[in-house]
Every structure is written in C-alpha cells, then in structure tokens.
Amino acid sequence: MTSVELSHVTKTYGAAAPSVDDLSLTIEDGEFFTLLGPSGCGKSTTLRMVAGFVAPTSGTIRFGERDVTSAPPYKRDTGMVFQSYALFPHMDVAENVGYGLRMRKVATAERRTRVDEALAVVGLAGYGERRIDQLSGGQQQRVALARALVVQPSVLLLDEPLSNLDAKLRDETRSQIREIQRKAGTTSIYVTHDQAEAMAMSDRIAVMNGGVLHQLGEPREVYRRPATAFVARFIGRSNVLPGVVEGRDGGTAAVRLTDGSLLHTPVAVDGGAGDVAVGDEIALSVRSEAVELLGPAPAAADRAEGTIHARLAMVEFTGSSCMLGLDLLDGADDEAAGQADRRILITIPDTDDLPRTGDVVALRPDPARIWMVAR
Amino acid sequence: MTALPSRLRRRSGLTAADRFVYVLALPLVGILLVYIVFPMIATFVTSTGDDGAAYADFTSGSSGRALVLSVGISVASVLTAGLVGGALAVLLTRFEFPGRAALRVFALLPMALPPLIGAMTFYYLYGASGIVPRLVQETLGIAAGSVAADGVWGVLLVHTMTMYPYFYLSVSAGLAGSDASLEEAAMNLGASRATMWRTVLLPMLTPALVSGALLTFMVSMASFTAPQFYNVNTLTMRIVASKTSGSYELAAAQSTVLSLVSILFLLLMRWYQNRRSTRSASKGTPQALKVVHGALPRTLAAVGSALLVVVLVAPVATILLLSFTVDGTWTVQILPPEYTLENFTTIFTDPRSLRPLLVSSQMSGLAMLASIVVGVLTAWVVARWKGRGAGVLDVMIMLPWALPGTVVGINIVTAFAAPTPFNLGQVFIGSLWILPLAYFIRFVPLVFRNAAASLAQIDPSVEEAAQNLGAGPWRTLRTVTLPLMTRGVLAGALMAFVQGFGEYVASVVVYPARFAPLSVEIYNRQYANELGSAFAYGSLQMLAILVVLIISELLENPRWRRRRSSASPPAVTAVPTQPVTV
C-alpha cells in the first residue's frame with residue numbers, strides 16, 4: 001500500500017509530439033484512480049511508465065518515499081492486469097497465479113494456500129489445475145486479476161482489463177473488481193477509454209487528451225463541471241455551444257449563442273472557463289438530459305430568453321428514453337446557424353406525442369446545469 | 001543531483017529490458033561476424049588478389065559460359081517447376097475428383113527426398129542407363145538414349161521434380177487464403193469465370209508466384225548435385241573444379257559472383273515480401289470444391305491421378321529398391337536382378353561402414369546445438385531490439401541461407417586456412433571441427449527462422465507480465481519465453497539436424513580426408529559401383545527425414561498453440577523450411 005506520485009513526467013518518441021507531456025499528479029494510498037481518455041491520449045503510456053516498461057524522457061515517479069523512476073519493472077512490486085490478460089499459456093491456472101510468489105521465493109506450502117485463497121476471492125476456487133485455454137474470457141480475466149493481487153502489490157495496475165469482455169460480463173466484472181480492490185485496500189490505477197466505466201468505479205478520474213491532463217477530480221465533479229470543452233464532450237453526452245458573454249450580474253452571466261438565443265448561466269470562478277467578463281468568447285456545455293422540450297416554437301421574434309429554437313432532424317428510441325437530434329436555427333428560424341456545432345442532442349423520457357422530424361421546436365436548457373468552458 | 005530540477009534531468013530513455021537486449025546482442029554480433037560475415041569477406045579479398053587477375057580469368061575463361069548456363073537452367077527451372085506446382089495447386093484446391101486425396105498426400109513427397117540421393121535416384125530412373133528408358137527400349141523398341149533425360153535435360157528434370165513444391169505450397173496457400181466470397185463478388189458484378197481468374201485470382205496469386213519463382217531461382221543457381229551427376233558445367237561445378245585444381249583465386253572470384261547473384265535475390269525476395277499487401281481482408285467463406293462429373297471425365301481423372309502418384313512415388317520406391325541390390329550385379333537389366341538385406345546389416349555390423357553414419361550424426365548434432373543457442377537468442381534479440389540493429393542482425397544471420405553450399409564451403413576454407421586476427425587465430429582446415437562449422441553456418445538460419453516464428457506467436461505482454469510479477473530478464477526468458485518457444489525451436493532444430501546429416505554440397509568442399517561424412521561416403525560408394533550400399537545409406541537418410549517431418553508436424557500444432565494460430569504472421573523473412581541443398 002502506497003501512494004504514487006508523478007511529477008513533470010514527459011515521454012517523447014523521436015521527433016513526434018510528446019505522448020505524455022509534463023504530467024504531474026498524486027494518487028493517494030488506497031485510492032482507485034482512473035486514467036481516462038480516447039486512444040492515443042497517453043493514458044497507457046503513463047501506466048506503462050508506472051509499471052516500468054517505458055522509461056520517462058524526463059520527470060520522476062515515486063511510490064511513497066521511494067523514487068522508482070529508473071527501477072526495472074521486476075523491482076517495482078506492482079501487480080498488473082493486462083488488456084490481453086497475458087496469461088502464461090504453458091502453465092495451468094495455479095501456476096499462473098503462483099508465478100509472482102515463486103519469484104518472491106515464497107515457500108511451496110504457503111504458496112499453495114495463498115493461490116487457493118486468491119482463486120477463491122475471484123470466484124474460481126477449484127480451477128487451479130485447469131489449462132488456460134479451457135477458460136472463458138471472463139474466467140481468464142479473473143485469473144489475471146488473482147495473479148496480480150496474490151503478491152499483495154503496493155500498486156495494482158489495470159490496463160483496460162474489461163475491453164475484451166462482452167457488455168453484460170463487463171458490468172458484472174467491473175463491480176467485482178471494485179469490491180475486491182476495496183477489501184484489499186490496494187492503491188489502484190485503472191486505464192480505460194470508457195467513461196461510464198470510469199465514473200462507476202473510480203474515486204478520482206484524470207481525463208487526458210493528446211498527452212495532456214485536462215481535468216483531475218471525482219467523477220461527479222468531472223461530469224458536472226468539466227474543465228475544458230474536450231472533457232465536456234468526452235464525458236457523458238454533452239452539447240458544447242459557442243457563445244459570447246453579453247452581461248454579468250453577480251453570480252450569473254448572460255451568454256448570446258451563435259444562433260442568437262440568450263441563455264443565463266452561473267459563473268464558476270474556480271472551474272471551467274473561470275471568471276468571465278462581457279465580450280469573452282466562451283462555450284456552454286449543456287448535458288443532453290438537462291434540456292427540456294417545450295413544444296412547437298413560437299415565431300422567431302417571440303423567442304423567449306433561455307430558450308433555443310431548433311428543427312428536429314432525427315429520433316432514436318433507446319428503450320427507457322428517446323434521443324433527439326435537432327439542428328440549430330439562426331435568428332429567423334429558417335436557416336442553419338452555421339455548419340459547425342449545428343447539431344444538438346437531447347435525451348427525454350419516451351412519450352407518445354413526440355414532434356415529427358422537420359418540426360421547429362423550442363428547447364429550454366436547465367440554467368442550473370449549464371456549465372461554461374473555454375472554447 | 002539534488003539541486004537539479006527533475007524536469008531538466010534528461011534520461012537515456014532506456015529501460016532495463018532494452019539494456020538486456022544490448023548485452024545479449026553483443027556476443028551474437030561477434031559470433032555472426034567471425035563465422036558468417038568474415039568468411040565472405042575473406043573470399044572476396046582472396047578473389048581480388050593479384051590485381052583482379054581472377055576476374056579477368058572469369059570473363060575470358062569458361063566461367064562466363066558457366067554463369068550463363070546456370071542462369072539459363074535456373075530460368076527454365078522456374079518455368080517448369082512453376083507450371084507443375086501451380087497446376088497441381090489449382091487442381092487440388094479447386095477440384096474434387098477421384099484420386100484427389102491420394103494426390104494431396106503424395107504431392108509433398110519430394111520434400112522427403114534427401115538432397116544427394118534424391119538427385120541420384122532420378123539418374124537411375126530416367127538417365128541413359130535408367131530404369132524407364134530401358135523399359136521403353138525393351139517394350140517399344142525405341143532407343144533408350146533418345147528418351148533418357150541426360151545432361152541439361154536431366155538437371156532440369158531433377159530441378160522440376162524437387163522444386164515444384166515451392167510453387168505448390170505458396171499457390172495452395174494463396175488459393176486457400178482467397179475465400180469464395182471474393183470470387184462470388186466478382187461473378188456477381190458480371191465477370192465471367194475466365195475474367196474472374198484474370199482480374200481477381202491471378203493478381204491475388206502474384207505474391208505467391210513471385211516468391212516461388214525467386215526461391216526456385218536461388219535454389220537452382222545453388223544446385224550442385226544434379227549438375228555433378230549429369231556432368232553439366234554450371235558455376236557451382238566450376239567453383240569446385242577450380243578449388244580442386246588449386247586455383248583458389250579463381251574459385252574465390254566465381255564464389256563472389258555467385259554470392260552476389262544469390263544475395264541480390266534474397267534482398268529482392270525480402271523487399272517483395274515486405275511490400276506486398278494483397279492479403280484477403282474478408283472473414284473467409286469456405287471454398288466450395290468444383291466436383292468433376294460424368295463417367296468419362298471421372299475415369300480420366302482417376303487414371304491421371306494414379307499415373308501422377310506413380311511418378312511422385314517412383315523416386316522413393318527406387319531408393320528403397322536399389323538399397324536392397326547386391327553391389328555390382330545391376331548392369332544392363334531393366335531392374336536390378338539380385339537382392340539382399342546385407343547392405344543394411346553391414347552398415348550396423350561393420351565399424352568401417354558405420355563410421356560415416358556416426359561422423360555425420362555427431363557433426364550434425366554439434367552444429368544443431370550451436371544453431372539452437374545462436375538461432376534462438378538471435379531471434380529473441382531481433383524481436384525485442386527496437387533500433388535499426390535488429391534488421392542488421394536479421395540480415396547477418398539469414399545471409400548463409402542465400403549462399404549456395406559450395407560457396408559456404410569455399411568461404412570457410414578461405415577464412416580458416418591460416419590464423420588471422422579476424423578468425424581469432426582459428427585454423428580449421430583438415431580439422432574435425434570444420435564439418436560442424438559448415439553445418440552450423442548453413443542451417444542456423446533454419447533454426448533462427450523457426451525460433452522467430454514461434455516468438456512472433458507469443459503475446460509480448462506475457463513477458464511483461466512475468467517482469468511485473470518480479471522475474472528479471474534472464475528469469476523471464478527461462479521460465480516464460482523459452483518454454484513457449486520450445487516446440488517451434490525443436491522442430492527447426494530437428495530439421496537442421498537432418499539436413500546436416502545428409503549435407504553434401506558444402507561437405508564435399510571442406511571434409512577432412514579421415515572423416516568422410518555420410519553423403520560423401522554415398523558418393524564414393526556409388527562411384528565405386530557399390531550401388532546397393534550407397535542407396536542403403538540413402539534410405540536411412542530418407543527415413544530420418546520422414547521421422548523428423550512427422551515430429552515437426554506434431555510439435556508445431558500443439559493444443560494451446562492452435563487457438564493463437566490466427567495471430568499475425570512472423571515479421572522476419574518468410575522462407576520455406578527447405579533450405580538450399582540440391
């Protein structure tokens with residue numbers, strides 16, 4: 001059990017832009033920490049630097065007080081679950097799980113007990129003598145987890161461990177992993193591109209893009225108060241609408257969007273776009289589920305403050321709800337408001353009287369859930 | 001150190017794993033330099049001695065003619081082997097007819113023919129005093145000499161019958177890889193069957209045909225045994241003649257020219273294989289076989305298949321038959337008149353007759369052990385080395401694969417004749433060590449390639465997992481990587497052993513007088529008209545090859561490997577397991 005501290009870690013391959021650029025963060029003892037981002041964002045490289053498979057170009061990595069920056073992987077005492085599981089195909093389940101103990105020179109008898117315990121923890125008691133190719137994907141995944149945990153590593157590293165499972169098994173396994181981790185209290189770093197997974201499991205999330213840390217915070221905070229337009233788009237289903245600040249009144253600001261509508265939104269001094277002044281060009285992040293469908297739009301001239309007019313372009317029925325895609329209109333309600341960022345997506349409970357595609361409707365984003373981000 | 005801000009501390013970017021690769025690479029590079037690269041350079045330097053007089057000799061003398069002849073025979077071999085191998089592949093992968101199953105089994109039989117005895121058996125089957133021409137003369141009254149395959153025609157016959165598998169294998173693989181939906185798509189879009197072949201299948205088969213052609217060309221250029229039997233003056237023959245007559249400079253010049261041609265073709269092949277991209281991207285709809293209908297076509301197919309099977313089996317059957325012949329009794333008869341088991345019993349009871357067998361198996365065994373160590377470690381280093389050195393090492397170890405055995409022999413003789421700093425003061429001429437060295441150089445590429453192929457099937461994160469669990473680099477190699485490579489390496493090593501066991505082309509150049517290896521003994525016995533004894537050795541050799549082929553097949557398809565068989569193909573030079581030995 002230990003904390004992990006990355007300070008000013010940079011990894012550059014050749015002349016290309018850095019894969020990881022000046023990354024500094026601290027993972028607390030016992031925390032379940034997630035590195036989240038699209039593929040190529042540097043999250044896996046970061047994890048591999050923590051594991052010791054990749055040497056940072058500059059910066060330091062510490063486990064607690066110990067500087068491990070140049071320690072080889074086999075002297076770092078981390079436990080890693082690989083995306084491909086990386087089980088040893090020539091060993092049976094028990095030999096796989098016991099491998100780390102063998103390397104640590106644990107006596108045979110104790111090794112056997114601990115392997116059995118670890119297998120029991122992941123729900124595979126009695127599977128010790130199975131061959132790896134006799135296991136299903138989910139079982140292999142749990143063997144990999146048991147193998148990483150049985151050595152009681154100071155840090156548990158998980159590299160997209162669920163990406164090879166089907167959707168249903170994925171949900172089950174993720175709560176299992178979290179439960180096992182909570183019991184063991186092992187500091188864990190989890191890498192994923194799946195934001196739902198990240199939110200469901202993590203104590204804290206670091207959102208990365210292009211090798212840069214965009215936001216670090218608890219799942220709720222990241223979801224509600226995205227730091228950048230990228231985070232707003234990447235997490236949840238968010239509409240990012242560009243606009244200009246027209247007025248400031250205490251804690252709120254009036255923002256004119258490019259389609260001419262005027263929205264009022266709280267100003268957060270310590271997050272998102274920060275404090276703003278009249279004339280600032282910013283963007284508003286509007287969650288798809290935080291938009292109310294008011295019905296047929298009145299004439300353009302009668303557009304109410306706080307509402308947006310848009311033409312319904314498509315409807316997707318998803319079971320519990322409906323997702324609507326609408327195209328923003330300009331001030332006269334008849335032309336598109338510019339090609340970029342024209343489409344807005346909203347999620348509403350399923351009803352029988354949906355407007356038809358082509359109808360122009362009025363929408364009202366919930367002012368409390370609008371969030372200002374830098375463009 | 002403490003005062004320095006950590007941001008400014010630049011590191012080499014090397015992990016422990018990278019350093020381990022370099023540590024391992026160093027001795028390997030040394031070994032390959034001394035035993036593979038330096039001998040080539042030694043030959044080249046020798047060839048340029050005396051102001052290049054040898055090259056003047058080369059261009060004015062018979063060498064130039066020999067080179068033209070070699071190239072001509074090689075081009076012809078490519079055409080004939082391509083025709084036979086390609087036709088057989090199309091027939092067997094696309095059509096269902098009586099006899100297909102039998103034909104499929106026997107189509108690969110030529111690969112079990114030992115190099116020397118293989119060429120001999122064609123001589124005794126189709127040569128002027130061979131079984132078939134004599135039979136024709138007896139039954140049809142046509143002079144045996146006019147139907148016999150002799151001289152250049154004999155060489156061409158041996159080449160065709162032993163090299164068509166290169167085409168057969170690559171074209172079969174190509175046809176099996178193109179799935180039915182591609183052809184169906186073409187015909188669905190309005191292509192007739194002929195147009196479909198021209199516009200879809202042939203372009204897709206081009207890589208297979210080109211690889212087969214380059215390989216056949218290289219092997220033909222290197223061919224020595226067949227030209228020796230039919231007394232055709234190819235470049236390889238000239239090299240041995242020059243060496244025997246003591247003109248070392250000329251032999252070196254001839255070897256250099258032949259090396260350059262061979263290396264050129266190796267590079268051409270690598271370039272082509274790296275460039276090609278025509279691999280089927282679709283999921284693969286099973287190929288439906290076209291069934292041959294009708295009584296007459298089916299009968300014809302059956303008779304044709306039977307005839308082909310007879311032709312394919314004939315060489316093997318001849319080896320077996322001749323191995324029971326009483327020495328010196330077969331003169332002008334169609335078939336040998338007297339048979340005995342004594343040829344075999346003598347081999348195992350007479351110490352003098354057993355000796356070549358022991359020499360060859362010991363020398364080849366030594367070479368195999370060295371090949372395993374060097375081949376496996378080099379494969380690992382090439383796979384894990386991230387820098388450009390990997391490519392250099394790959395080329396260095398694959399070089400001997402391109403070199404004709406004759407040239408390998410000349411290189412060794414030139415490089416290890418007198419102590420120099422480059423050969424670390426080692427002199428091997430007349431020493432027993434020269435044979436294992438020759439076999440090692442010739443067959444280490446085979447072990448290397450097999451090792452590299454098994455390595456390519458291992459998920460690299462398996463090694464990382466071991467390190468993550470606390471195993472150091474050596475430990476990881478020993479407990480995870482090597483065990484996973486064992487089967488593939490063993491298959492390659494056994495193949496290398498059996499090739500070394502029957503090696504003739506380089507042996508004949510380098511062998512010390514007191515230790516004649518098996519193949520040289522076979523040649524000597526045949527020369528002394530002790531046919532039965534020669535072929536008895538030959539059939540033992542064939543038996544060894546068959547056993548190794550079967551073991552390899554079992555080794556390379558174990559249960560847990562099968563699941564991964566769809567993994568990406570090995571990145572290293574893809575070459576067939578059959579090395580250049582004709």
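Residues numbered from 1 in each chain as written. Chains lettered and ligands numbered in written order. Predicted model: local features only at pLDDT ≥ 70, side-chain atom pairs only at ≥ 80, totals over all residues. Heavy atoms only, no water.

A. Molecular detail of the domain arrangement of chain A. Residue and element names in this part refer to chain A. Domain assignment breaks chain A into domain 1 (4-229) and domain 2 (232-374). Put simply, the middle of domain 1 and the middle of domain 2, counted by C-alpha atoms, are 39 Å apart. Between domain 1 and domain 2, the buried area comes to about 1,200 Å², and carbon and sulfur atoms account for 62% of it. Contact with domain 2 buries area across many residues of domain 1, yet Y223, P226 and A229 alone supply 51% of it, more than any other trio. Here domain 1 is connected to domain 2 by seven residue pairs in polar contact (both at pLDDT 80 or more). Only α6 (195-201) and α7 (219-224) provide two or more residues apiece to the side of domain 1 that touches domain 2. Examining the composition of the side of domain 1 that touches domain 2, we find that three residues originate from one element, α7, more than from any other. (Domains from an automatic or database assignment. Buried area = accessible area lost by both parts, 1.4 Å probe. Polar contact = N/O pair within 3.5 Å; in protein donor to acceptor, adjacent residues only side chain to side chain. Helix = DSSP H or I, 4+ residues; strand = E, 2+ residues; numbered from the N terminus.)

B. Representation of the side chain of D259 of chain A within the structure. Residues and elements named next belong to chain A. By the element assignment, D259 lies in the loop between β12 (252-257) and β13 (262-266). The class of D259 is buried, set by a relative accessible area of 1%. At 2.6 Å, the side chain of D259 and the side chain of S261 are in polar contact. (Buried < 20%, exposed > 50% of the residue type's maximum accessible area, 1.4 Å probe, protein only.)

C. How the structure looks around the nonpolar core. Counting 230 residues, the largest nonpolar core has F88, V97, Y99 and I189 of chain A together with V381 of chain B as the members making the most contacts within it. Among the elements that make up this core, the one with the highest residue count is helix α18 (residues 434-456) of chain B (15 residues). Ignoring anything within four residues of it in the chain, the contact list for Y99 of chain A reads F88 and M91 of chain A together with A466, L469, A471, R475, T476, T479 and V480 of chain B. V245, V267, L284 and I308 of chain A belong to the second-largest nonpolar core, a separate cluster that totals 26 residues. (Core = buried A, V, L, I, M, F, W, Y, C linked by side-chain atoms within 4.5 Å. Contact = heavy atoms within 4.5 Å.)

D. Main features of the packing of aromatic side chains. Residues and elements named next belong to chain A. Across all of its chains, the model carries 22 aromatic pairs over all chains by this definition. With a centroid separation of 4.8 Å and 55° between ring planes, the pair formed by F88 and Y99 is classed as tilted. In this pair, F88 sits in the loop between β6 (78-81) and α2 (93-103) while Y99 sits in helix α2, placing the two residues eleven residues apart along the sequence. Taken as a pair, F88 and Y99 share a single burial class, namely buried. (Phe/Tyr/Trp six-rings, centres within 6.5 Å; stacked < 30°, edge-to-face > 60°.)

E. Region of interest: the packing of helix α15 (residues 351-384) of chain B against α18 of chain B. All names here are of chain B. Between α15 and α18, the least distance of the axes is 6 Å, while the angle of their chain directions is 40°. Judged on the interaxial angle alone, α18 and α15 are oblique. When the axes of α15 and α18 are compared, the crossing they make is right-handed. Taken together, the residues of the contact of α15 with α18 break down into 23 nonpolar, four polar and one charged. (Axes fitted to C-alpha atoms, helices over the stretch in contact; angles between N-to-C directions. Parallel < 35°, antiparallel > 145°, perpendicular 65-115°, else oblique. Left-handed = near helix turned anticlockwise from the far one by under 90°. Nonpolar A, V, L, I, M, F, W, Y, C, P; charged D, E, K, R; others polar.)

F. Region of interest: the pairing of strand β18 (residues 343-349) of chain A. Residue and element names in this part refer to chain A. Side-chain alternation along β18 places I344, I346 and I348 on a buried face and R343, L345, T347 and P349 on a face that remains uncovered. Sheet topology note: the strand β17 (residues 321-328)/β18 ladder contains seven bridges and is antiparallel. Residue C322 lies in a different strand from β18, and its bridge partner there is I348. (Pairing = 2+ DSSP bridges.)

G. Summary view of the sheet that holds β6 of chain A. Residue and element names in this part refer to chain A. Strand order across the open sheet formed by six strands is β6-β7-β8-β3-β9-β10, with mixed pairing between neighbours. With one partner strand each, in any of the chains shown, β6 and β10 (212-217) form the two edges of the open sheet. Each strand axis lies, on average, 15° off the axis of its neighbour in the sheet, ignoring direction. Inspection of the sheet shows strand β9 (residues 204-209) paired to β10 by five bridges, in the antiparallel sense. Within the sheet, the bridge partner assigned to V207 lies in β10 and is Q215. Against the sheet, helix α4 (residues 137-149) contacts β6 and β7 (155-159), and its axis sits at roughly 175° relative to β6.

H. Seen up close, the packing of helix α4 (residues 115-126) of chain B against helix α5 (residues 131-140) of chain B. All names here are of chain B. Orientation of α4 relative to α5, taken along the N-to-C sense of each, is 5°, at an axis distance of 3 Å. Taken together, the axis directions place α4 and α5 in an arrangement best described as roughly parallel. Taking contact as the criterion, the partners of Y124, L125 and Y126 in α4 are, on α5, I131, V132 and P133. Its residues assigned to classes, the contact of α4 with α5 shows six nonpolar, no polar and no charged.

I. Layout of the side chain of T57 of chain A. By secondary structure assignment, the location of T57 of chain A is in the loop between α1 (43-51) and β4 (58-63). Within the structure, T57 of chain A has its side chain in polar contact with the backbone nitrogen of T12 of chain A (distance 2.8 Å).

J. Summary view of the environment of V93 of chain A. Relative to the elements of secondary structure, V93 of chain A occurs in helix α2. Other than its neighbours up to four places away in sequence, V93 of chain A contacts L119, Y127, G128, R130, I132, L135 and V143 of chain A.

K. Highlighting the pattern of salt bridges. In total, this model carries 19 salt bridges over all chains according to the counting rule given. Across the pair R48 of chain A and E464 of chain B runs a salt bridge, and its minimum N-O distance is 2.6 Å. Highlighted residues: R48 of chain A in helix α1 and E464 of chain B in helix α19 (residues 460-468), drawn from two different chains. Using a relative accessible area of 23% as the deciding quantity, one classes R48 of chain A as partly exposed. Using a relative accessible area of 17% as the deciding quantity, one classes E464 of chain B as buried. A salt bridge links R369 of chain A to D366 of chain A, with the nearest nitrogen and oxygen atoms 3.2 Å apart. For D366 of chain A, a relative accessible area of 25% corresponds to the partly exposed category. One connected set of salt bridges, linked through shared partners, spans E521, R525 and E530 of chain B. (Salt bridge = Lys/Arg side-chain N within 4 Å of Asp/Glu carboxyl O.)

L. Representation of the interface of chain B and chain A within the structure. Taken together, the contacts link 31 residues of chain B with 40 residues of chain A. Between chain B and chain A the total buried area reaches about 3,200 Å² when both faces are included, carbon and sulfur atoms providing 54% of it. Between the two partners, chain B and chain A, sit one salt bridge. Within the residue set of the side of chain B that touches chain A, elements represented by two or more residues are α19, α20 (473-502) and α24 (559-562) of chain B. Counted by class, the side of chain B that touches chain A contains twelve nonpolar, ten polar and nine charged residues.

M. Local environment of the sheet that holds strand β11 (residues 238-249) of chain A. Residues and elements named next belong to chain A. Read across the open sheet, the five strands follow the order β13-β12-β11-β14-β20; overall the sheet is antiparallel. Only two strands of the sheet have a single neighbouring strand rather than two, namely β13 and β20 (370-374). Going from strand to strand, the sheet's axes swing by 45° on average, the running direction of each strand aside. In the sheet, β11 pairs with β12 via six bridges, with the strands oriented antiparallel. Considered in β12, the bridge of V244 is made with R256.

N. Main features of α1 of chain A. Residue and element names in this part refer to chain A. Burial analysis of α1 places seven of its nine residues in the buried class, which makes it a mostly covered element. Buried residues of α1: K43, T45, T46, L47, M49, V50 and A51, and no others. Just beyond α1, the residue with positive phi is G52, at close to 100°.

O. Region of interest: the confidence of the model for chain B. Residue and element names in this part refer to chain B. Across chain B, the average pLDDT comes to 82, with 90% of residues at 70 or higher. Below a pLDDT of 50 lies the segment residues 1-11, which in the model reaches 19 contacts outside its immediate sequence neighbourhood of four places, other chains included. Low pLDDT (under 50) marks residues 560-582, which in the prediction has 64 contacts with non-local residues, meaning those over four places away or in another chain. (pLDDT = per-residue confidence, 0-100.)

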